[in-house]
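Fold and geometry: a report
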Amino acid sequence: MSKTVELQIEKSRNLVEGLRKHLNGIGGGVTNDEINDMEQAIRELEAINAEVERLREELTPKVKQMNEKMARVKASYAEKKKTLKGYYPQERWVEYGIPDKR
């Protein structure tokens, strides 16, 4: 759970607990239904956050895999581009998909 979400959940729970203890002393500014709605929103936040964490766990290895493949493709591209530039004059580079003007 991210620290920001975790902190907000904790602060919200503490507030709900305090509101419940002192509901009669608030003077009508907060209703029991509003507190119940807030508790429900906290539970929903926890559920959504748990799903996000699960997705992050799946995504992290995929991002690493993608970055490794990207590095290989970039290195291969640079190597092939350098080779073609060495063999052909600048005017022919565009035939091979090299957009460089130099």
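Below is a short write-up of the structure. If you're wondering where the values come from, they're calculated on a predicted model, not measured in any experiment.

Taking 1.5 Å as the rise per residue, helix α2 (residues 32-87) with 56 residues should run 82 Å; its terminal C-alpha atoms sit 79 Å apart, in good agreement. Along α2, the helix axis deviates most sharply at leucine 59, where the bend reaches about 30°; the proline proline 61 sits within four residues downstream. Looking at the buried residues of α2, the elements they touch are α1 (3-21).

Right, let's talk about the environment of glutamate 39 for a bit. Among the secondary structure elements, glutamate 39 is positioned in helix α2. Glutamate 39 gets classed as partly exposed once you look at its relative accessible area, which sits at 25%. Separated by ten residues in the primary sequence, glutamate 39 and glycine 29 have C-alpha atoms spaced 17 Å apart. Discounting residues that sit within four places of it in the chain, glutamate 39 has contacts with Val16 and Arg20.

This next bit is on α1. When the terminal C-alpha atoms of α1 are compared, their 27 Å separation across 19 residues agrees well with the 27 Å that a helix rising 1.5 Å per residue should span. Of the positions making up α1, those classed as buried are Val5, Ile9, Ser12, Val16 and Leu19. The buried side chains of α1 occupy one side of the element, clustering within an arc of 95° when seen end-on. Counted as exposed and oriented over 90 degrees from the buried face of α1: Lys3 and Lys21. Where α1 is buried, its residues contact α2.

Definitions and limits used
- Residues numbered from 1 in each chain as written.
- Predicted model: local features only at pLDDT ≥ 70, side-chain atom pairs only at ≥ 80, totals over all residues.
- Heavy atoms only, no water.
- Helix = DSSP H or I, 4+ residues; strand = E, 2+ residues; numbered from the N terminus.
- Expected span 1.5 Å × (residues − 1).
- Bend = angle between axes of the 7 residues up to and from the residue.
- Contact = heavy atoms within 4.5 Å.
- Buried < 20%, exposed > 50% of the residue type's maximum accessible area, 1.4 Å probe, protein only.
- Arc of directions from axis to C-beta.

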